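Next come the chains, spelled out residue by residue.
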Amino acid sequence: MKITIDSDSGFCFGVEKAIEIAEQHLENSGKLYSLGQIVHNEEEIERLERKGMVTIEHSKLNDSNDAKILLRAHGEPPETFKIAKEKKLKIIDATCPIVVRLQKRVKKAYDEMTPVDGQVALFGTKNHPETIGLAGQTEYTAIIIETPDEAEKIDTSRPLRLFAQTTKNKYEYKKLIEILKRKYAERNGLQDFIHYNTVCKLVSGRGEHLKKFCKENDAIIFISGKQSSNGKYLYGLCKSSNPNSYHISAPADLKKEWFKNAETVGISGATSTPKWLMENVAEKIRSIV
Ligand code: SF4
């Protein structure tokens with residue numbers, strides 16, 4: 001049996017960098033607080049916790065005097081920095097530089113829209129930390145649109161600046177842009193609608209590559225944490241391209257019968273799935289077939 005790990009899968013650049021920063025600090029001091037889960041993957045979190053990382057909720061930030069706090073790749077809203085200053089916390093900012101740039105653009109758009117009674121909208125998942133960080137740049141006035149059919153939330157008589165959370169699906173975003181373009185054109189106000197292409201190019205091409213990879217293998221094992229929205233989306237692509245696809249979060253979830261008629265097995269994962277976990281899964285498959 002030939003087992004291939006998808007070379008295009010695993011941590012995105014931002015998450016990889018945040019973990020690297022966390023590991024450096026853990027090596028130096030042996031203790032670090034991560035504000036929220038550093039990555040939506042239980043195995044990777046456990047690995048870092050064994051090195052001394054502690055994950056804390058935002059509600060605990062106020063009780064964390066003098067601590068060393070890591071801000072993950074998704075970024076934070078301005079009040080996190082305000083609390084950190086008041087509590088004299090040492091911030092280790094591992095926000096992805098692409099997200100930092102996006103936050104600045106959203107803030108600029110908000111400053112431009114406020115005096116002209118305009119709107120800022122974010123195509124994102126409501127409770128996703130990146131979307132919360134972006135909405136914070138607009139004092140939480142930004143309109144959050146989760147799917148293209150929520151376009152009616154926009155008042156087309158007012159100017160609009162539209163951005164997308166970096167991990168949103170680029171085709172869905174395009175659909176939303178087309179609907180809004182039509183609506184603004186009907187009111188003869190296309191100049192009032194400005195949209196920005198902010199879906200991350202480093203991950204948006206993964207879907208097409210994954211579909212091809214799934215068709216090339218007899219069976220697919222897709223690995224991601226249960227909370228990963230990127231994982232759910234990518235696994236959906238696996239299943240539609242190869243019905244013999246299985247979603248697991250750890251090697252223990254594997255079942256021998258999945259490989260009965262398979263000569264080739266492909267292993268892939270979400271942007272939050274570590275490469276070492278994919279290698280462990282490959283090892284486990286070899287031991288059970
Ligand atoms: S998806 Fe792109 S923008 Fe978002 S954290 Fe990863 S590299 Fe950064």
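Since this is a predicted model, take the numbers as computed values, not measurements.

**Student:** Is there a simple way to explain the site of the ligand in this structure?
**Tutor:** Residues in close proximity to the ligand include Cys 12, Gly 14, Cys 96, Ile 98, Thr 166, Thr 167, Cys 200, Leu 202 and Val 203, which together make up its full environment. Its atoms largely coinciding with the cavity grid, the ligand occupies the largest cavity. A class-by-class count of the residues in the shell around the ligand yields six nonpolar, three polar and no charged.

**Student:** Help me understand helix α5 (residues 129-136) in this model?
**Tutor:** Every α-helix carries 3.6 residues per turn, so stepping three or four residues along brings you back to the same face. The buried count for α5 comes to seven of eight residues, which makes it a mostly enclosed element. All buried positions along α5 are accounted for by Pro 129, Glu 130, Thr 131, Gly 133, Leu 134, Ala 135 and Gly 136. Those residues of α5 hidden inside the fold are in contact with α3 (78-86), α4 (97-113), β6 (119-123) and β7 (143-145).

**Student:** Mind showing me how you'd approach the domain arrangement of the protein here?
**Tutor:** Looking at the protein, the domain boundaries give domain 1 (2-9 + 204-288), domain 2 (13-95) and domain 3 (98-201). Centre-to-centre, using C-alpha coordinates, domain 1 lies 33 Å away from domain 3. At the junction of the two partners, domain 1 supplies five residues and domain 3 supplies seven residues. For the pair domain 1 and domain 3, the summed buried surface comes to about 480 Å²; carbon and sulfur atoms form 41% of the total. When residues of domain 1 are sorted by the area they lose upon contact with domain 3, Ser 204, Glu 208 and Tyr 233 head the list and together hold 73% of the total. The tally of links from domain 1 across to domain 3 stands at zero salt bridges. The tally of links from domain 1 across to domain 3 stands at three residue pairs in polar contact (both at pLDDT 80 or more).

**Student:** When you look at the packing of aromatic side chains in this model, what are you seeing that I'm missing?
**Tutor:** Between two aromatic rings, the relevant description is the distance of the centres plus the angle of the planes. Within this structure, the stated rule accounts for six aromatic pairs. Relative to Phe 259, the ring of Trp 258 lies with its centre 6.5 Å away and its plane at 65 degrees, an arrangement referred to as edge-to-face. Phe 259 carries the same exposure label as Trp 258, and that label is buried. Within the aromatic cluster, the residues linked to one another by ring pairs are Tyr 246, Trp 258 and Phe 259. Lying over the aromatic face of Phe 123, Lys 168 brings its terminal NZ or CZ to 4.7 Å of the ring centre. The residue whose ring lies beneath Lys 239 is Tyr 246, and the NZ or CZ to ring-centre distance is 5.5 Å.

**Student:** What is the right way to read the sheet that holds β7 from this model?
**Tutor:** Picture the strands of a sheet paired through backbone hydrogen bonds; they go either parallel or antiparallel. Pairing is parallel across the open sheet formed by four strands, whose spatial order is β7-β6-β8-β9. Each having just a single partner strand, β7 and β9 (193-195) make up the two edges of the open sheet. Each neighbouring strand pair of the sheet contributes to a mean axis angle of 20 degrees, computed without reference to strand direction. On top of the sheet, helix α6 (residues 170-186) reaches β6, β7, β8 (160-164) and β9; it is set at about 170 degrees to β8, its chief contact.

**Student:** Can you walk me through the layout of surface pockets in this structure?
**Tutor:** In this approach, a probe sized like a water molecule rolls over the atoms, and the result shows the empty space that is left. Quantified by volume, the largest pocket comes out at close to 320 Å³. If you go around the largest pocket, you meet 17 residues; those closest to its centre are His 40, Arg 72, Asn 127, His 128 and Pro 129. The element best represented in the lining of the largest pocket is α5, accounting for three residues. Looking at the lining of the largest pocket residue by residue, the class counts come to three nonpolar, 11 polar and three charged. Formed jointly, the lining of the largest pocket draws a minimum of three residues from each of two domains, domain 2 (13-95) and domain 3 (98-201).

**Student:** How should the nonpolar core be read in this particular structure?
**Tutor:** Note that soluble globular proteins tend to have their nonpolar side chains buried in a common cluster. In terms of nonpolar packing, the biggest core is built from 22 residues, with Val 15, Ile 19, Leu 32, Ile 38, Val 39, Leu 48 and Leu 70 touching the most fellow members. One finds Ala 219, Ile 223, Val 265 and Ala 282 within the second-largest nonpolar core, a separate group that totals 17 residues.

**Student:** Help me out: how do you make sense of unusual backbone geometry in this one?
**Tutor:** Both trends apply: most residues other than glycine have a negative phi, and most peptide bonds are in trans. Its identity as a non-glycine residue notwithstanding, Lys 88 has a phi of 55 degrees, on the positive side. Relative to the helices and strands, Lys 88 resides in the loop between α3 and β5 (90-93). For Lys 88, a relative accessible area of 61% translates into the label exposed. In this model, Glu 139 sits at a positive phi of 55 degrees, which is unusual for a non-glycine residue. Looking at the secondary structure, you find Glu 139 in the loop between α5 and β7. Residue classification places Glu 139 among the exposed positions, given a relative accessible area of 57%.

Calculation rules
- Residues numbered from 1 in each chain as written.
- Predicted model: local features only at pLDDT ≥ 70, side-chain atom pairs only at ≥ 80, totals over all residues.
- Heavy atoms only, no water.
- Near = heavy atom within 4 Å.
- 1 Å grid on protein atoms, 1.4 Å probe; cavity = no way out; pocket = protein on both sides within 12 Å on 5 of 7 lines; lining within 4 Å.
- Sits in = over half its atoms within 2 Å of the grid points.
- Nonpolar A, V, L, I, M, F, W, Y, C, P; charged D, E, K, R; others polar.
- Buried < 20%, exposed > 50% of the residue type's maximum accessible area, 1.4 Å probe, protein only.
- Helix = DSSP H or I, 4+ residues; strand = E, 2+ residues; numbered from the N terminus.
- Contact = heavy atoms within 4.5 Å.
- Domains from an automatic or database assignment.
- Buried area = accessible area lost by both parts, 1.4 Å probe.
- Salt bridge = Lys/Arg side-chain N within 4 Å of Asp/Glu carboxyl O.
- Polar contact = N/O pair within 3.5 Å; in protein donor to acceptor, adjacent residues only side chain to side chain.
- Phe/Tyr/Trp six-rings, centres within 6.5 Å; stacked < 30°, edge-to-face > 60°.
- Lys NZ or Arg CZ within 6 Å of the ring centre and 35° of its normal.
- Pairing = 2+ DSSP bridges.
- Axes fitted to C-alpha atoms, helices over the stretch in contact; angles between N-to-C directions.
- Points joined across faces, edges and corners; volume = space filled by probe spheres on them.
- Core = buried A, V, L, I, M, F, W, Y, C linked by side-chain atoms within 4.5 Å.

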